[in-house]
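Commentary on secondary and tertiary structure
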Amino acid sequence: MCVFSDNVVAALIKCLKSEHRVLKKACFYSLEAAWVLSNIAAGSIEQKQLIYSSEAMPLLLRLLSTAPFDIRKEVAYVLGNLCVAPSEDGGRPNLILDHLVSLVGKGCLPGFVNMVRSADVEAARLGLQFMELVLRGMPNSEGVKLVEREDGIDAMERFQFHENEDLRNMANALVDKYFGEDYGLDE
């Protein structure tokens, strides 16, 4: 078993911050560093906590909205992986609620809504999965209002008649469950 240390994460952060004169190299280093971090973030709770508590977080949040698309997509994997842990029964992943609440509070939701709007099917799925975490996990049903405020309903509804059956079903199920016919009646 490989043990990750603060030094490994620090080295990856340096790659993410890379500002080489040759843009292709800087993008390559950032993409590769984000890919490694996403794999680490998919690991144990301790690995997730190592990344979550590192100086990588503000950088990842900034890259989610400012980096080229391929880097934003990989960063979205990192952030999404930090918010979930495998379930014991193999069902839906368990939320790491403090990570989710913190990341949403620091403004990552618009980046995931933009992923849903992208033409990239994998990115759209990633965005929908994160929106589902927000809708399901935010305390006091706050996720519904947050997703609505970011025009997440509109982003999901673009899949109403989408050719990709999985995305269509996922988006329609979320809209029906959280924004169905009873939505807004208690206000």
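Residues numbered from 1 in each chain as written. Predicted model: local features only at pLDDT ≥ 70, side-chain atom pairs only at ≥ 80, totals over all residues. Heavy atoms only, no water.

The protein appears in an unreviewed UniProt entry as ARM repeat superfamily protein from Rhododendron griersonianum. Among the UniProt annotations of the protein, the heading Sequence similarities (unreviewed entry) holds the following wording: "Belongs to the importin alpha family." (UniProt positions renumbered as here; feature names shortened; annotations may be inferred.)

A few words now on a negative patch on the surface. Residues E148, E150, D151, D154 and E157 make up a contiguous surface patch of negative charge. As for its position among the elements, E148 is in helix α9 (residues 142–149). (Patch = residues over 30% accessible without salt bridge, like charges linked within 9 Å, V, L, I, M, F, W, Y side chains within 5 Å. Areas by Shrake-Rupley, 256 points an atom, 1.4 Å probe, with all protein chains shown as cover. Salt bridge = Lys/Arg side-chain N within 4 Å of Asp/Glu carboxyl O. Lys, Arg positive; Asp, Glu negative; His and termini not counted. Charge placed at Lys NZ, Arg CZ, Asp CG, Glu CD. Helix = DSSP H or I, 4+ residues; strand = E, 2+ residues; numbered from the N terminus.)

Another point: the layout of surface pockets. As a volume, the largest pocket reaches approximately 290 Å³. P93, Q129, F130, E132 and L133 are the residues nearest the centre of the largest pocket, which is lined by 16 residues in total. Of all elements in the fold, only α5 (69–82), α8 (121–137) and α11 (165–179) reach the threshold of two or more residues within the lining of the largest pocket. Here the element with the most residues in the lining of the largest pocket is α8; it accounts for 7 residues. (1 Å grid on protein atoms, 1.4 Å probe; cavity = no way out; pocket = protein on both sides within 12 Å on 5 of 7 lines; lining within 4 Å. Points joined across faces, edges and corners; volume = space filled by probe spheres on them.)

All right, on to the nonpolar core then. With 54 residues, the main nonpolar core has I51, L60, L79, F130, M156 and F179 as its most contacted residues. A per-element tally of this core places α8 first, with 9 residues. If we skip the residues at most four places from it in the chain, M156 touches V116, L128, M131, V147, A171, L174, V175 and F179. (Core = buried A, V, L, I, M, F, W, Y, C linked by side-chain atoms within 4.5 Å. Buried < 20%, exposed > 50% of the residue type's maximum accessible area, 1.4 Å probe, protein only. Contact = heavy atoms within 4.5 Å.)

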